[in-house]
Amino acid sequence: MWLVGVWCSVVALATILVTRWIQKWRNPSCSSNEGVLPPGSMGFPLIGETIQLLIPSRSLDLHPFIKNRVQRYGPIFRTSVVGRPVVMSTDPKFNHYVITEEGKSVELWYLDTFSKMLPIYGVGSIQKYIRNIALSHFGVESIRERLLPQVEQIVQKTLRSWSTQKSVELKHATSSMLFDFTLKQMFGYDSENSPEKLSDKFANFVHGLMSLPLNIPGTTYHKCHKDQKEVLSMMRGIVKERLASPDKHRGDFLDHAIQDMKTENFLTEDFIVQLMFGILFGTFEPISAVLVLTLKLLSDHPLIVEELTAEHEAILRNRHNPDSSLSWDEYKSMTFTLNVINEVLRLGNVAPGLLRRVTKDIKFNGYIIPAGWDIVLVTPALQLNPETFKDPIAFNPSRWKGLDSYTISKNFMPFGGGIRQCAGADYSRAFVATFLHILVSKYRWTKIKGGNIVRKPILDFEGGLEIEVSEKNK
Ligand code: HEM
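Residues numbered from 1 in each chain as written. Predicted model: local features only at pLDDT ≥ 70, side-chain atom pairs only at ≥ 80, totals over all residues. Heavy atoms only, no water.

**Overview of the site of the ligand**
Now for step 1: Taken together, 24 residues sit near the ligand, with Q127, R131, R356, R420 and C422 positioned nearest.
Now for step 2: For the ligand, an oxygen atom lies 2.7 Å from a polar atom in the side chain of R356.
Now for step 3: Looking at the shell around the ligand, the elements with two or more residues in it are α6 (124–138), α12 (269–299), β5 (354–358) and α18 (425–442).
Now for step 4: Per element, the largest residue contribution to the shell around the ligand is five residues, and it comes from α12.
Now for step 5: When residues of the shell around the ligand are assigned to domains, at least three fall in each of domain 1 (35–105 + 350–412) and domain 2 (121–334 + 414–473). (Near = heavy atom within 4 Å. Polar contact = N/O pair within 3.5 Å; in protein donor to acceptor, adjacent residues only side chain to side chain. Helix = DSSP H or I, 4+ residues; strand = E, 2+ residues; numbered from the N terminus. Domains from an automatic or database assignment.)

Have a look at this one:
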């Protein structure tokens, strides 16, 4: 009998403890009496509101997860994602404040899945190094002096090849073009003579990043790990080869990083491999998403294609030598094209937010966000705000003619802001503009099928986007 009594007491104690724990989870306390936590819900213990955030949305509009919570709680609210307490903000003032607090009360944070797989997103001197090496190979100087004609060449070659095929799945085809081009820039990778299709493995890795982090055979996450290992192992082999022949100089990204090993202590063989992997990740996925969305939106808006074509045909007409390659001045004269790109970046919201971890309590408008919490700055909310961008879901490149630079700088942040602003912004714009230049001046294309938008919350296209490409003068 006494055993039953003991058993009942244990069950009662366990129930009290679990209930208290759930209550504490749902109503986290903040240590300061100078403010309260933003309103919101912490969802279920451990998983928080992760499932709701990952429910796909089939529109370019703000994800319903954010929309519903802003309506219920206001522009700054709390939630929990993969077990982490998070504050999400759609408030422009708060977002700008947090961006300027980088290195003071906040630091860069990525979902643990990202940090484990992409450990190179550094802080302090490591961040400065990554930024500088990326800028010296993909910044404005390099684009003007070296990259523009090379991008033109790869685009010409790619479009020529597409025009010989019955149909092209654009996400796959653009990813493959960007992957091969970026690796060529980094260490002279020759995709045509490479036995393996590494770009496919890399695409699988990216796909798995946003899946549930369950590393057991059969899961997407497990496959993601496996594919990442294979790409890293290939890169490690190349780095080893270069280290073994230090006298050969090719002047590429890898040579630069190996040279810097003499002065930067953190630059180990492993770090360089991770660095190249990280830059590759930052390059090929977002630009290919932008290219696919551009073609999807243009397919639905033939009048915009006409205006775009007129701009590029005028560039060709005004050329002294019709065979010369695209010049920097010509690129800079593409006003309408750059408006099209801005409009795609605004609607695409390829980066669904900027992620930061609080290192010192933040006080803002009566709220307190304790150290250790994470912050997501929901930049898409600014880019889809009807007060700034009338009829925000409409694809209207002409709206950019009437926007002043102050409004743009405060409300348009596809490449982030502050000291962490994207080091590849100019390169990305130049790549897309060059692609459009060749496409609309030399080719025509028709959509065959697909192009259905899905946000998970990263932008994707269900079933891809299939197009048919043909040369204009054939
Ligand atoms: C459409 C294409 C791209 C988009 C939308 C994009 C977006 C972004 C965003 C939003 C950030 C800021 C992240 C943060 O503050 O948390 C960022 C940072 C960064 N991006 Fe990009 N990016 C693109 C292309 C590229 C390319 C092509 C490169 C490389 C050449 C690149 C390299 C970087 C680097 C190195 C950083 C970190 C900068 C730092 O921490 O100082 N990005 N990018």
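This is not the end of the story, as more comes after the structure.
**Some thoughts on the environment of K157**
Now for step 1: Tracing the backbone through its elements, the reader meets K157 in helix α7 (residues 140–162).
Now for step 2: You can call K157 partly exposed: its relative accessible area is 44%.
Now for step 3: Counting along the chain gives 20 residues from K157 to M177, while the straight-line C-alpha distance between them is 9.7 Å. (Buried < 20%, exposed > 50% of the residue type's maximum accessible area, 1.4 Å probe, protein only.)

**What about unusual backbone geometry?**
Now for step 1: For the peptide bond that leads from K456 to P457, omega is -10 degrees, which places it in the cis range.
Now for step 2: By the secondary structure assignment, P457 is in the loop between β9 (443–455) and β10 (459–471).
Now for step 3: One non-glycine residue, N365, lies in positive phi territory at about 50 degrees.
Now for step 4: Summarising the element assignment, N365 is placed in the loop between β6 (362–364) and β7 (367–369).
Now for step 5: Not every positive phi belongs to a glycine, and D391 is a case in point at roughly 50 degrees.
Now for step 6: Among the secondary structure elements, D391 is positioned in the loop between α16 (379–383) and α17 (405–411).
Now for step 7: Look at D391 and you get exposed, because its relative accessible area is 53%.

**A closer look at the coordination of the iron atom of the ligand**
Now for step 1: For the iron atom of the ligand, the protein supplies a single donor, C422 (SG), at a distance of 2.3 Å.
Now for step 2: Positionally, C422 belongs in the loop between α17 and α18. (Donors = N, O, S within 2.8 Å, 3.2 Å for Na, K, Ca; no water.)

**Brief notes about a nonpolar patch on the surface**
Now for step 1: On the surface, a nonpolar cluster with roughly 490 Å² of combined accessible area is contributed by F44, L46, I47, I51 and I55.
Now for step 2: Looking at the secondary structure, you find I47 in the loop between α1 (2–26) and α2 (50–54).
Now for step 3: For I47, a relative accessible area of 41% puts it in the partly exposed group. (Patch = residues over 30% accessible without salt bridge, like charges linked within 9 Å, V, L, I, M, F, W, Y side chains within 5 Å. Areas by Shrake-Rupley, 256 points an atom, 1.4 Å probe, with all protein chains shown as cover. Salt bridge = Lys/Arg side-chain N within 4 Å of Asp/Glu carboxyl O.)

**As for the pairing of β9**
Now for step 1: Pairing of β9 with β10 involves eleven bridges; the strand directions are antiparallel. Each bridged residue has a counterpart across the sheet, and for T446 the counterpart in β10 is E468.
Now for step 2: Adjacent in sequence and paired antiparallel, β9 and β10 are bridged by three residues. (Pairing = 2+ DSSP bridges.)

**A short note on helix α4 (residues 92–100)**
Now for step 1: All of the buried residues in α4 are F94, N95, V98 and I99. Summarising the axial view, the buried residues of α4 lie within an arc of 135 degrees, below the 170-degree limit, and thus occupy one face. (Arc of directions from axis to C-beta.)

**What to know about the domain arrangement of the protein**
Now for step 1: Split into domains, the protein comes out as domain 1 (35–105 + 350–412) and domain 2 (121–334 + 414–473).
Now for step 2: Its C-alpha centre places domain 1 at a distance of 27 Å from the equivalent point of domain 2.
Now for step 3: Between domain 1 and domain 2, the contact holds 22 residues from the first and 26 residues from the second.
Now for step 4: For the pair domain 1 and domain 2, the two sides together bury roughly 2100 Å², of which 70% comes from carbon and sulfur.
Now for step 5: When the buried surface of domain 1 facing domain 2 is broken down by residue, L60, V350 and F395 rank first, second and third, together holding 32% of it.
Now for step 6: Linking domain 1 with domain 2 are three residue pairs in polar contact (both at pLDDT 80 or more), by the criterion used here.
Now for step 7: Within the residue set of the side of domain 1 that touches domain 2, elements represented by two or more residues are α2 and β5.
Now for step 8: Of the residues that constitute the side of domain 1 that touches domain 2, the class distribution is 13 nonpolar, four polar and five charged. (Contact = heavy atoms within 4.5 Å. Buried area = accessible area lost by both parts, 1.4 Å probe. Nonpolar A, V, L, I, M, F, W, Y, C, P; charged D, E, K, R; others polar.)

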